[in-house]
Amino acid sequence: MKNILVTGGAGFIGSNFINYILDKRDDYFIVNLDKLTYAGNLENLIPSEGKKNYQFIRGDICNAELIDYLFNKYKIKFVINFAAESHVDRSILGSEVFFRSNVIGTNVLLEAARRYESEKFLQVSTDEVYGSLGTDGLFTETTLLHPNSPYSSSKAGADLMALSFHHTYGVPVLITRCSNNYGPYQFPEKLIPLMIINTLNDKKLPVYGDGQNVRDWIYVIDHNKALEAVFEKGKPGEVYNIGASNEMPNIKIVKLILKELGKSEGLIKYVKDRLGHDRRYAIDSSKIAKELGWKPVFEFEEALSHTIKWYVENKNWWNRIISGEYQKYYRVQYGSR
Ligand code: NAD
Ligand code: TYD
C-alpha cells in the first residue's frame, strides 16, 4: 500500500485525480488534505466517498503542526501537491494569499517530506512559469522561467524551492508543468466553465482584449494520467511538461461553445484586457512521451462537447456556486468593464 498525502484534492484537478485513481488502484491509500477555500468542493468527491482507502481532512498546507501530525498518523511516504490558489485574475487583485498557499504551503510540505524521508514528492505545476511566447516556438523543460503574474511567479517560486530540496537534501521531488485544463468540476471563474454557464444563462461572454490570446488545452483526465505516469515512473529531480498540442485562441473556444449550445455570437462582449496578459502558451511534451510513454488520448472538440454536456447536466453543482453562499466568490470583478 502506498500512503499518499494528496493536497488540494477538493479542487478541480485534484478531485478528478482522486476519483480517477481510486477507481483504478486499490494499492493507494489517499489522505486528501484540503482547506476548502472558495474553490474546494466536497461534492466533487462523491464518487470516492466511503472508499476504505480514502480519507478527507479539512486543513491548511501552511499549518506545519497539522502536516506533521498527518505524516505521523497516516505514515505518509508520498505527496502529490495540488493545493494552490490557481486563478490569475484573483492574483492580480491580491497576491498575498497566493504566496502564502503556493510558496509557504509548499515549503511546509517539503520540510515534512524531508523529515519523514518521503519516497516521492510530486509538485503539480503549470506551464505559466515559463511566461509568454511569441507567435512561434514551444515551452520545453529547459525554457528559462519568466513568470509574469503573481500566480505564475508563486508557482515558479514553489518549483524552484522543490528542486532545491532535491538538490540539497535529496528529497525525491518530481515537477510537472501542465498547460490549461478543462473538464468537469472546474470552478466557473476559468474561461471554459465561465463561458458555458454564461451562455446557458444568456449572459454576456466577457472576452479579454482582442480574444486572440492563445492557450494550449488539455482534458483533465489526460493530465491526470500523465501525473500517474510521472508519479509511478518519473525520475526524481526532473521536470516534465504536459500538454496535448492543442493551441487555440480564446475567441475560437468561445465561438465553439456558443455553437454547441445553439446561441448567438451576439452574446460575445470584448472587455478591457487583463493586466500583463500572457499572449501565448504552447507546450512541448515530447520528454514525457519519450521517457514515460504517456500520450494524450482525448480529442479537443469531442472532450469540450462532453464537458459542455456535463455542465448542462449538473446545473445544481454550479447553481449553488453562482447563487448561494459562494456567490461573492463566483466571479471577481476585475478592472472596470
Ligand atoms: P483549484 O483552484 O480548482 O483547486 C485548488 C484546491 O486547493 C482547492 O480545493 C482549495 O480549497 C485547495 N487549497 C488552496 N489553498 C490551500 C491551502 N492553503 N491548503 C489546503 N488546500 C488549499 O485549482 P486546480 O485548477 O484544480 O489546480 C490544481 C493545481 O494544478 C494547482 O497547483 C495549479 O497551479 C495546477 N495547475 C492548474 C492548471 C489549470 O488549468 N487549472 C494547469 C496546470 C497546473
Ligand atoms: P483562465 O481560464 O483564467 O486561465 P489562465 O489565465 O490561467 O490561462 O483564462 C484563459 C484565457 O482566457 C486567458 O487568455 C484569459 C482569457 N479569459 C477571457 O478572455 N475572459 C474571461 O472571462 C476569463 C476568465 C479568461
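Draft legend 1. Quick peek at the overall build of the chain. Of regular secondary structure, the chain possesses 12 helices and 12 strands. Its C-alpha atoms give the chain a radius of gyration of 19 Å, within 12% of the compact-globule value 20 Å for 337 residues. With respect to the principal axes defined by its C-alpha atoms, the chain has extents near 55 × 45 × 35 Å. The burial tally for the chain puts 58% of its 337 residues in the buried class. Surface summary for the chain: the accessible area is close to 14,100 Å², and the carbon and sulfur share equals 50%.

Draft legend 2. Just the sheet that holds strand β9 (residues 214-219), in detail. The strand order across the open sheet formed by three strands is β7-β9-β11, and the pairing between neighbours is mixed. On the outer flanks of this sheet lie β7 (180-182) and β11 (247-249), each paired with one strand and no other. Adjacent strand axes in the sheet meet at a mean angle of 50 degrees when their direction is disregarded. Examined bridge by bridge, β7 and β9 share three bridges and lie parallel to one another. Paired with N181 across the bridge in β9 is I218. Where helix α7 (residues 220-233) meets the sheet, its contacts fall on β7 and β9, and the angle it forms with β9 comes to roughly 70 degrees.

Draft legend 3. Just the packing of helix α10 (residues 300-313) against helix α11 (residues 315-323), in detail. The interhelical angle for the contact between α10 and α11, taken along N-to-C directions, is 70 degrees, at an axis separation of 5 Å. Considering their axes alone, α10 and α11 lie roughly perpendicular with respect to each other. Mapping the contact onto sequence places W310, Y311, V312 and E313 in α10 and K315, W317 and W318 in α11. Residues that form the contact of α10 with α11 fall into these classes: five nonpolar, no polar and two charged.

Draft legend 4. Representation of the site of ligand 1 within the structure. Of all residues adjacent to ligand 1, which total 28 residues, the nearest are I13, D34, S86, Y151 and K155. The contact in question runs from an oxygen atom of ligand 1 to an N or O atom on the side chain of D34, over 2.5 Å. Taken by itself ligand 1 offers 840 Å² of open surface, and the protein chains cover 97% of this. Listed by contribution, the elements that provide at least two residues to the shell around ligand 1 are α1 (12-24), β5 (120-126), α5 (150-169) and β7. With three residues, β5 is the largest single contributor of residues to the shell around ligand 1. Broken down by class, the residue content of the shell around ligand 1 amounts to 12 nonpolar, 12 polar and four charged.

Draft legend 5. Examining a negative patch on the surface more closely. Taken together, E260, E299, E301 and E302 make up a surface patch of like negative charges. Looking at the element boundaries, E301 is found in helix α10.

Draft legend 6. Highlighting the packing of aromatic side chains. Overall, the coordinates contain 19 aromatic pairs when judged by the stated rule. Aromatic side chains Y38 and F187 sit 5.0 Å apart centroid to centroid with 85 degrees between the ring planes, which places their arrangement in the edge-to-face category. Taken together, the residues span a long stretch of sequence, with Y38 in the loop between β2 (28-34) and β3 (54-58) and F187 in the loop between β7 and α6 (191-200) at a distance of 149 residues. The exposure classification of Y38 matches that of F187, with both residues buried. Each ring, one from F139 and one from Y281, has its centre 6.2 Å from the other, and the planes form 45 degrees; the classification is tilted. Of the two residues, F139 is situated in the loop between β5 and α5 and Y281 in the loop between β12 (268-271) and α9 (286-292); the sequence distance between them amounts to 142 residues. Note on accessibility: F139 and Y281 belong to one class, buried.

Draft legend 7. Summary view of the site of ligand 2. Residues in contact with ligand 2 amount to 19 residues; listed here are only the nearest, E128, P206, R215, R274 and H277. E128 is positioned such that a nitrogen or oxygen atom in its side chain is 2.5 Å from an oxygen atom of ligand 2. N250 places a side-chain nitrogen or oxygen 2.9 Å from an oxygen atom of ligand 2. Protein coverage of the free-state accessible area of ligand 2, which is 510 Å², stands at 97%. Here the residues of the shell around ligand 2 sort into eight nonpolar, five polar and six charged.

Draft legend 8. Representation of the pattern of salt bridges in the model. For the structure on display, the rule yields 20 salt bridges. When the shortest N-O distance is used, the salt bridge between R25 and D27 registers 3.0 Å. Exposure remark for D27: the relative accessible area of 30% places this residue in the partly exposed category. Salt bridges linked by common partners bring K2, K24, R25, D27, E228 and E232 together as one network.

Conventions and cut-offs
- Residues numbered from 1 in each chain as written.
- Chains lettered and ligands numbered in written order.
- Predicted model: local features only at pLDDT ≥ 70, side-chain atom pairs only at ≥ 80, totals over all residues.
- Heavy atoms only, no water.
- Helix = DSSP H or I, 4+ residues; strand = E, 2+ residues; numbered from the N terminus.
- Rg over C-alpha atoms; globule rule 2.2 N^0.38 Å.
- Buried < 20%, exposed > 50% of the residue type's maximum accessible area, 1.4 Å probe, protein only.
- Areas by Shrake-Rupley, 256 points an atom, 1.4 Å probe, with all protein chains shown as cover.
- Pairing = 2+ DSSP bridges.
- Axes fitted to C-alpha atoms, helices over the stretch in contact; angles between N-to-C directions.
- Contact = heavy atoms within 4.5 Å.
- Parallel < 35°, antiparallel > 145°, perpendicular 65-115°, else oblique.
- Nonpolar A, V, L, I, M, F, W, Y, C, P; charged D, E, K, R; others polar.
- Near = heavy atom within 4 Å.
- Polar contact = N/O pair within 3.5 Å; in protein donor to acceptor, adjacent residues only side chain to side chain.
- Patch = residues over 30% accessible without salt bridge, like charges linked within 9 Å, V, L, I, M, F, W, Y side chains within 5 Å.
- Salt bridge = Lys/Arg side-chain N within 4 Å of Asp/Glu carboxyl O.
- Lys, Arg positive; Asp, Glu negative; His and termini not counted.
- Charge placed at Lys NZ, Arg CZ, Asp CG, Glu CD.
- Phe/Tyr/Trp six-rings, centres within 6.5 Å; stacked < 30°, edge-to-face > 60°.

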